[in-house]
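Observations on the model geometry
Below, each chain spelled out in residue letters.
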Amino acid sequence: MRLSSLADYAVVMMAAAARHCGQAGLCPASRQMTPGRLNATLLSEETGLPLPTVQKLVSKLSAAGLIESARGTGGGFRLARPPAAISIADIVEAIEGPIAMTACVDTGKHDCAVEGSCRVKPHWNVVNGAVKGALAGVSLASLSGNA
């Protein structure tokens, strides 16, 4: 099992954003947006990720409600929740969709050739839950050193 590069980069980017969280206006505790917000260029330089990739991730993470963004002069973004309230599972699901180890745990999909006779299928939900639980148990704060 391997995360996509985009999901991996999203975790890297969000960890960098969380490291900036102590600065005025960059955390959700202060609901007022300030000119000191993060921007894609800063995170691209800090993480080494290509700017177009960071911009794409900002869009996806914003749509998932993990970051709040504002356009225009003084625009930028900040975390929508404190780093301790954002898990790796939240980030991965924002990029990849629901965590599903196999097609049979992905609700609504019935494209397995042996689904009707599979004796392993009932156990995949346990495995999937364990993986999702492990990812949910790691907060952004712990990854960024702000725990």
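Each remark here, short or long, concerns the structure printed above.
What this report covers is the structure whose coordinates are included nearby. Bear in mind that the values here come from a model prediction, so they are computed numbers and not experimental data.

This part takes up the layout of surface pockets. Considering only enclosed or pocket space, the largest pocket measures out at about 330 Å³ in volume. Every residue lining the largest pocket is counted, 13 residues in all, and those nearest its centre are Val58, Ser69, Ala70, Arg71 and Gly76. Breaking the lining of the largest pocket down by element, the ones donating at least two residues are α3 (51-63), β1 (67-70) and β2 (76-79). Of the residues forming the lining of the largest pocket, the biggest block, 3 residues, is contributed by α3. Residue composition of the lining of the largest pocket, grouped by class: 5 nonpolar, 7 polar and 1 charged.

Following the criterion strictly, the structure yields 4 salt bridges and no others. In this structure, Glu46 and Arg19 form a salt bridge, with 3.8 Å as the shortest nitrogen-oxygen distance. Of this pair, Glu46 sits in helix α2 (residues 40-47) while Arg19 sits in helix α1 (residues 5-19), and the two are 27 residues apart along the sequence. By relative accessible area, which is 43% here, Arg19 ends up partly exposed. A salt bridge links Arg78 to Glu68; its shortest N-O distance comes to 3.0 Å. Remark: Glu68 occurs in strand β1 and Arg78 occurs in strand β2; sequence separation between them is 10 residues. Arg78 sits in the buried class, given a relative accessible area of 2%. Relative accessible area serves as the criterion here: at 22%, Glu68 is assigned to the partly exposed category.

Following the sequence through the fold, Ile99 ends up in the loop between α4 (88-96) and α5 (121-136). Overall, Ile99 belongs to the buried group, its relative accessible area being 13%. Residue contacts for Ile99: discarding those within four places in its chain leaves Ala89, Val92, Glu93, Asn128, Lys132 and Leu135.

What follows covers the nonpolar core. Among the nonpolar cores identified, the biggest contains 31 residues, and Met13, Met14, Leu61, Leu79, Ile91 and Leu140 are the most heavily contacted of them. Counting only elements with at least two residues in this core, the list comes to α1, α2, α3, β2 and α4. When residues no more than four places from it in sequence are discounted, the contact partners of Ile91 are Ala10, Val11, Met14, Leu61, Leu66, Ile86 and Leu140.

How each quantity is defined
- Residues numbered from 1 in each chain as written.
- Predicted model: local features only at pLDDT ≥ 70, side-chain atom pairs only at ≥ 80, totals over all residues.
- Heavy atoms only, no water.
- 1 Å grid on protein atoms, 1.4 Å probe; cavity = no way out; pocket = protein on both sides within 12 Å on 5 of 7 lines; lining within 4 Å.
- Points joined across faces, edges and corners; volume = space filled by probe spheres on them.
- Helix = DSSP H or I, 4+ residues; strand = E, 2+ residues; numbered from the N terminus.
- Nonpolar A, V, L, I, M, F, W, Y, C, P; charged D, E, K, R; others polar.
- Salt bridge = Lys/Arg side-chain N within 4 Å of Asp/Glu carboxyl O.
- Buried < 20%, exposed > 50% of the residue type's maximum accessible area, 1.4 Å probe, protein only.
- Contact = heavy atoms within 4.5 Å.
- Core = buried A, V, L, I, M, F, W, Y, C linked by side-chain atoms within 4.5 Å.

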